[in-house]
Amino acid sequence: MYIDTHCHLDFDVFDEQREELMARCLGAGIKHFLVPATVSSRWGRLLELSKQYPEWRIAYGLHPYFLKGAELSELDNLATQCEDGAIAIGEIGLDNWPGSLSLEVQREFFIRQLVIAKSLALPVVIHARKSYDLVYQCLRQVGLKTGGTIHAFNGSYEQAQRFVELGFVLGIGGTVTYPRAKKAQRVLQALDRQSYVLETDSPDMPLYGFQGQMNTPLSILEVAKSVAIIRNEEVEQIAVDSYDNLLRVFPKWHEGLL
Ligand SMILES: [Zn+2]
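Here we summarise the structure given alongside this text. Keep in mind that what you see is a predicted model, and the values were worked out from it rather than measured.

1. Looking at the coordination of the zinc ion
Octahedral six-donor coordination of a metal ideally yields angles of 90 or 180 degrees, compared with 109.5 degrees for tetrahedral four-donor coordination.
In step 1: Donor atoms from the polypeptide that bind the zinc ion are His-6 (NE2), His-8 (NE2) and Glu-91 (OE), placed at 2.0 to 2.1 Å.
In step 2: Read in sequence order, the donor residues for the zinc ion give the motif H-x1-H-x82-E. In this pair, His-8 sits in the loop between strand E1 (2-4) and helix H1 (18-27) while Glu-91 sits in strand E4 (residues 86-95), placing the two residues 83 residues apart along the sequence. Take His-8 and Glu-91: they sit in the same class, and that class is buried.

2. So, the packing of aromatic side chains
In step 1: A full pass over the atoms with the stated rule returns 10 aromatic pairs.
In step 2: Pairing Tyr-65 with Phe-66 gives two aromatic rings, centres 5.4 Å apart and planes at 85°, and the pair type is edge-to-face.
In step 3: Given a relative accessible area of 31%, Tyr-65 falls into the partly exposed group.
In step 4: With a relative accessible area of 40%, Phe-66 lands in the partly exposed category.
In step 5: Following the ring pairs from residue to residue traces out a cluster consisting of Tyr-132, Tyr-136, Phe-153, Phe-163 and Phe-168.
In step 6: Taking NZ or CZ as reference, Arg-162 lies 4.1 Å from the ring centre of Tyr-136, over its face.

3. Digging into empty space enclosed by the protein
In step 1: A full pass over the atoms with the stated rule returns 3 cavities of 30 Å³ or more.
In step 2: The space that makes up the largest cavity amounts to roughly 50 Å³.
In step 3: If you trace the largest cavity, you find it lined by Ala-152, Phe-153, Gly-171, Ile-172, Gly-173, Gly-174, Thr-175, Val-176, Ala-184 and Met-205.
In step 4: Per-class residue counts for the lining of the largest cavity are 6 nonpolar, 4 polar and no charged.
In step 5: Volume-wise, the second largest cavity comes out at about 40 Å³.
In step 6: In terms of lining residues, the second largest cavity is bounded by Phe-153, Asn-154, Gly-155, Ile-172, Val-176, Ala-184, Val-187 and Leu-188.
In step 7: Here the residues of the lining of the second largest cavity sort into 6 nonpolar, 2 polar and no charged.

4. Description of the layout of surface pockets
Empty pockets left among the atoms are what a rolling probe the size of a water molecule brings to light.
In step 1: Of the pockets and cavities examined, the largest pocket occupies roughly 480 Å³.
In step 2: For the largest pocket, the lining is made up of 20 residues, of which His-127, Ala-128, Arg-129, Ala-152 and Met-205 are closest to its centre.
In step 3: Only E4 and strand E5 (124-129) provide two or more residues apiece to the lining of the largest pocket.
In step 4: In terms of residue count, the dominant contributor to the lining of the largest pocket is E5 (3 residues).
In step 5: Each residue belonging to the lining of the largest pocket can be placed in one class, and the counts come to 8 nonpolar, 6 polar and 6 charged.
In step 6: In this structure, the second largest pocket occupies an estimated 150 Å³ of space.
In step 7: In this structure, the second largest pocket is lined by Pro-206, Leu-207, Phe-210, Gln-213, Met-214, Asn-215, Thr-216, Ser-219 and Glu-222.
In step 8: Class assignment of the residues belonging to the lining of the second largest pocket gives a composition of 4 nonpolar, 4 polar and 1 charged.

5. Side note on the nonpolar core
In step 1: Counting residues in hydrophobic clusters, the biggest one holds 72 residues, and the most contacted among them are Ile-126 and Phe-163.
In step 2: Listed in part, the 12 residues of the second largest apolar core include Ile-3, Leu-34, Val-169 and Val-249.

6. Thoughts on the packing of helix H7 (residues 182-190) against helix H8 (residues 220-231)
In step 1: Where H7 meets H8, the closest approach of the two axes is 9 Å, and the angle between their N-to-C directions is 70°. Judged by the angle between their axes, H7 and H8 are roughly perpendicular. From H7, Gln-185, Leu-188 and Gln-189 reach across to H8, where they touch Val-227, Ile-230 and Arg-231.
In step 2: Here the residues of the contact of H7 with H8 are counted per class, giving 3 nonpolar, 2 polar and 1 charged.

Procedures and definitions
Residues numbered from 1 in each chain as written. Predicted model: local features only at pLDDT ≥ 70, side-chain atom pairs only at ≥ 80, totals over all residues. Heavy atoms only, no water. Donors = N, O, S within 2.8 Å, 3.2 Å for Na, K, Ca; no water. Helix = DSSP H or I, 4+ residues; strand = E, 2+ residues; numbered from the N terminus. Buried < 20%, exposed > 50% of the residue type's maximum accessible area, 1.4 Å probe, protein only. Phe/Tyr/Trp six-rings, centres within 6.5 Å; stacked < 30°, edge-to-face > 60°. Lys NZ or Arg CZ within 6 Å of the ring centre and 35° of its normal. 1 Å grid on protein atoms, 1.4 Å probe; cavity = no way out; pocket = protein on both sides within 12 Å on 5 of 7 lines; lining within 4 Å. Points joined across faces, edges and corners; volume = space filled by probe spheres on them. Nonpolar A, V, L, I, M, F, W, Y, C, P; charged D, E, K, R; others polar. Core = buried A, V, L, I, M, F, W, Y, C linked by side-chain atoms within 4.5 Å. Axes fitted to C-alpha atoms, helices over the stretch in contact; angles between N-to-C directions. Parallel < 35°, antiparallel > 145°, perpendicular 65-115°, else oblique. Contact = heavy atoms within 4.5 Å.

Right under this line is the structure:
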């Protein structure tokens, strides 16, 4: 059984094919999906869709890359919103990339959301781009007791270990399928089996050989195969380990939701 721990199946690009895609995923043994939020105007839609698809798990939050025009007051009802089936808060974090708001502003949103996660004892889904050390500082500053995932992790082994020590697992996706991604592959080789989960980030982050195409959770099977080759383990073992890791980090995963 496979699980996609980070995919945006609520996005409009899936509207035409969501039903069929979900059927194909289930048929291929991909049984659960974590769909984190991006902007507050879509929280309602996310909840609505999750009621149609019992295999979905959802998180609410404000994605750092989409903060333009966002108000801190949108977070006033995040805690209440989370009562509607959230197993985590996310995706939240810091995106140090052209086109994003200043890190100072992003940090304010991030810290507020971490504080809410702490008060609800919910794990978090972290989006960090060129900002691992700053994200780590924020997690330490708030003193988050729960862990979560560091989505699309692409940092060093030392950075990985620091997150693992805080109770996080690293989201491993399409990046490791690229032959040139030697550093990411070396880090993946060195991680111990309790440290990672599998994800696709659909519709983004297409696998090697599929550049320019829309990604779907079906590619989790290829991600798992690549991880197995890189780690020199059986693909079944990869599936079992990532599932165990997921349940440890998201204890509400199987709590009868909605
Ligand atoms: Zn995402």
